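Residue-level structure breakdown
Chain residues, written in single-letter form:
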Amino acid sequence: MDTFIIQGGVPLNGEVAISGAKNAVLPILAATLLTSEPCVIRRVPDLSDVHFMGKILQSLGADFTFEDGTVKVHAKRVKTRGDYDLIRKMRGSICILGPLLGRKGKATVSMPGGCVIGTRPIDLHLKGLRSLSAEVKVREGYVQVAAKRLQGNEVFLGGRVGPTVLGTANTMMAAVLAEGVTVIESAACEPEVVDLAHFLISMGAKIQGAGSPRIVVTGVEKLHGAEHEVIPDRIEAATYAIAAAATNGEVTLTNMRCDHLAAVLDKLKEAGVRFEARGSSLKILSGGEIQAVDVSTQPYTGFPTDVQAQLMALMLKASGLSIITERIFESRFMHANELARLGADIAIEGPSAIVRGGADLSGAEVMASDLRASAALVIAGLMCKGRTQVNRIYHLDRGYEVMDKKLRSLGARVKRSKEK
Ligand code: EPZ
């Protein structure tokens with residue numbers, strides 16, 4: 001397994017281009033199953049999750065090629081049963097359920113595995129599909145859905161902690177070919193849901209209200225092929241912005257959308273980070289005195305749970321106590337124990353992590369556990385003096401395109417090597 005070796009204490013400086021959004025491209029790739037015509041998706045990041053989704057589409061009978069950031073998918077004919085092992089290995093694959101049901105009237109996929117951040121239930125996905133008259137069965141680890149003809153309906157998709165991103169995606173993708181009108185109340189408002197809706201509309205779907213808590217879908221007979229460019233990855237952008245601030249560097253992020261990061265920029269400003277936000281670029285300035293801040297993760301437009309770990313790493317250098325509360329997932333503090341190996345002083349109290357900033361940090365060997373926790377460990381390693389080794393870097397490769405190369409281009413001393 002690969003590992004990162006980081007010699008920390010070096011301010012990041014320069015310019016970094018942000019890649020296409022992982023969490024937009026996964027449901028968009030699934031949506032190509034809704035048509036028998038070819039689709040072209042551009043600005044696709046070269047990530048293991050994307051290649052994995054490609055394998056899943058191929059296992060369903062689709063042609064899939066990925067070259068220089070452009071994916072071509074042609075699901076001329078498509079099977080309705082996903083490969084058990086492939087699907088249960090990646091949570092994001094659950095979003096093939098809706099398009100398969102919409103296109104073929106039935107689908108059988110394995111229950112997605114949980115992961116280190118929580119159990120990851122799919123009850124709301126199944127509620128959405130049932131609301132469209134699909135019959136849902138869970139048998140021997142498989143989810144089987146079927147409907148003679150999907151019927152549009154009203155459905156409330158809010159769960160115990162708010163909306164579901166992929167549950168909204170699945171329901172929307174099944175509704176686009178249903179008979180009649182579907183209204184999704186308490187829909188997820190994330191930019192990735194909006195991007196999926198834009199792709200579906202370019203395929204001929206009729207969707208209004210994407211980005212708001214009420215999405216209205218008017219079913220159509222058929223969808224045609226389309227071309228689409230994926231939005232920039234707001235979580236990757238937030239990760240590099242925080243890495244720049246954490247190393248007191250001066251970094252310009254390009255090809256991004258500052259309007260997708262309002263909550264993050266607001267919190268960074270409160271934390272004393274100096275920056276210039278200019279639409280599609282963000283310049284982090286050095287010299288900010290990092291202050292402790294409190295934050296609770298929320299559904300969009302609130303502070304994203306996918307940036308919680310990275311903010312925690314930044315708070316290690318803040319003067320004072322920060323309280324970071326995770327409201328979306330039940331156990332998303334795996335990074336706290338690993339940060340403690342670098343000298344961090346973090347106490348976990350229920351859904352909150354209390355970070356005592358200003359502790360004396362020094363490099364150490366740490367273990368990545370999930371995608372965003374790994375990013376937090378890399379940020380902390382860049383920040384503190386000495387050598388930090390981040391093991392199991394495959395977690396990072398799922399969601400960050402060539403992170404070591406991008407960091408080296410900013411002057412970081414980081415190299416990838418095989419774990420001994
Ligand atoms: C998406 O996951 C993202 N993944 C996650 O990013 C992100 O953290 C999450 O949305 C929240 O923003 C992709 O888009 C591939 P949810 P998703 O359904 O859709 C509960 C990353 O690091 N829930 O919005 O699976 C659930 O347990 C990943 O890039 C139910 O109770 O998340 C959680 O507490 C991590 N029942 C909350 O809702 C359901 O049927 C939000 O989950 C579905 C979800």
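Residues numbered from 1 in each chain as written. Predicted model: local features only at pLDDT ≥ 70, side-chain atom pairs only at ≥ 80, totals over all residues. Heavy atoms only, no water.

1. Some points on the sheet that holds strand 20 (residues 352-356)
The condition is simple: Strand pairing is assigned whenever DSSP detects at least two bridges linking the two strands. In this description a helix means any DSSP run of H or I spanning at least four residues, a strand means any run of E spanning at least two, and both kinds are numbered starting from the N terminus. By definition in these notes, contact holds between two residues if any of their heavy atoms fall within 4.5 Å. For helices, the axis comes from a line fit to the C-alpha atoms of the stretch in contact; other axes are also lines fit to C-alpha atoms, and the angle between any two N-to-C directions lies between 0 and 180 degrees.
Here four strands make up an open sheet; going across it, the order is 17-18-20-19 and the pairing mixed. The open sheet terminates on both sides in strands that have one partner only, identified here as strand 17 (295-296) and strand 19 (345-349). For strand 19 and strand 20, the ladder comprises five bridges, and the chain directions are antiparallel. Note on strand 20: the bridge partner recorded for Glu 349 is Ser 352. Packed on one face of the sheet, helix 10 (residues 308-315) meets strand 17, strand 18 (321-325), strand 19 and strand 20 and runs near 175° to strand 18.

2. Let's talk about the packing of aromatic side chains
Just so we agree on the cut-off: Stacked, tilted and edge-to-face are the three classes applied to pairs of Phe, Tyr and Trp rings, where Trp contributes its six-membered ring and a pair requires centres within 6.5 Å; stacked means planes under 30 degrees apart, edge-to-face means over 60, and tilted covers the rest. Both a distance and an angle decide whether a charge sits over a ring: NZ of Lys or CZ of Arg must be within 6 Å of the ring centre and within 35 degrees of the ring normal.
Under the defined criterion, the tally for this structure stands at one aromatic pair. Taking NZ or CZ as reference, Arg 81 lies 4.3 Å from the ring centre of Tyr 142, over its face.

3. A look at the environment of Arg 372
Which entries qualify depends on this criterion: Exposure is judged per residue with a 1.4 Å probe applied to protein chains only, and the accessible area is read against the type maximum: over 50% gives exposed, under 20% gives buried, and values in between give partly exposed.
As for its position among the elements, Arg 372 is in helix 12 (residues 371-383). Here Arg 372 falls in the buried class, since its relative accessible area comes to 3%. The sequence separation of Arg 372 and Gly 350 amounts to 22 residues, and the corresponding C-alpha distance is 20 Å. Residues in contact with Arg 372, not counting those within four places in the same chain, are Lys 22, Asn 23, Ile 235, Asp 306, Ala 309, Gln 310, Arg 332, Gly 399 and Tyr 400.

4. Details of the nonpolar core
Applied cut-off: As used in this record, nonpolar core signifies buried Ala, Val, Leu, Ile, Met, Phe, Trp, Tyr and Cys residues forming a set joined through side-chain atoms within 4.5 Å.
Grouped together as the largest cluster of nonpolar side chains are 77 residues, with contacts concentrated most on Leu 29, Ile 96, Met 172 and Leu 200. For this core, the element with the most residues is helix 1 (residues 22-31), which contributes seven residues. Excluding residues that lie within four positions of it along the chain, Leu 29 makes contacts with Ile 41, Val 50, Met 53, Leu 57, Phe 64, Val 71 and Val 73. One finds Ile 235, Cys 258, Ala 313 and Leu 342 within the second-largest nonpolar core, a separate group that totals 72 residues.

5. Observations regarding the site of the ligand
Here is the rule we go by: The near set for a molecule or strand comprises every residue that places at least one heavy atom within 4 Å of it. What qualifies as a polar contact is a pair of N or O atoms within 3.5 Å, subject to a donor-acceptor requirement within protein and to the restriction that residues adjacent in sequence count only when both atoms come from side chains. All accessibility values rest on the Shrake-Rupley procedure with a 1.4 Å probe; residue burial counts only the protein chains present in the view.
In the vicinity of the ligand lie 23 residues, with Asp 123, Leu 124, Thr 164, Asp 306 and Ile 328 positioned nearest. Contact between the ligand and Asn 23: an oxygen atom at 3.0 Å from a side-chain N or O atom of the residue. Between an oxygen atom of the ligand and a main-chain N or O atom of Leu 166, the distance comes to 2.8 Å. For the ligand, the accessible surface in isolation is 820 Å², of which the surrounding protein chains cover 93%.

6. Concerning the domain arrangement of the protein
This is how it is decided: Boundaries between domains were set according to an automatic or database domain assignment. Each of two parts loses accessible area, computed with a 1.4 Å probe, when they are put together; buried area is these two losses added. Any carboxyl oxygen of Asp or Glu that lies within 4 Å of a side-chain nitrogen of Lys or Arg is treated as forming a salt bridge with it.
Segmenting the protein into domains produces domain 1 (2-19 + 232-418) and domain 2 (22-229). A C-alpha centroid distance of 30 Å is found between domain 1 and domain 2. The partner domain 2 presents 21 residues to the 26 residues of domain 1 that form the contact. The junction of domain 1 with domain 2 conceals about 2,000 Å² of combined surface from both sides, 51% of it contributed by carbon and sulfur atoms. Between the two partners, domain 1 and domain 2, sit three salt bridges.

7. Comments concerning unusual backbone geometry
Across the junction of Tyr 300 and Thr 301, the peptide omega takes the value 25°, indicating a cis bond. By the secondary structure assignment, Thr 301 is in the loop between strand 17 and helix 10. The phi angle at Arg 43 is positive, at roughly 60°, despite the residue not being glycine. Take Arg 43: it is sitting in the loop between strand 3 (38-42) and helix 2 (48-59). Residue classification places Arg 43 among the partly exposed residues on the basis of a relative accessible area of 22%.

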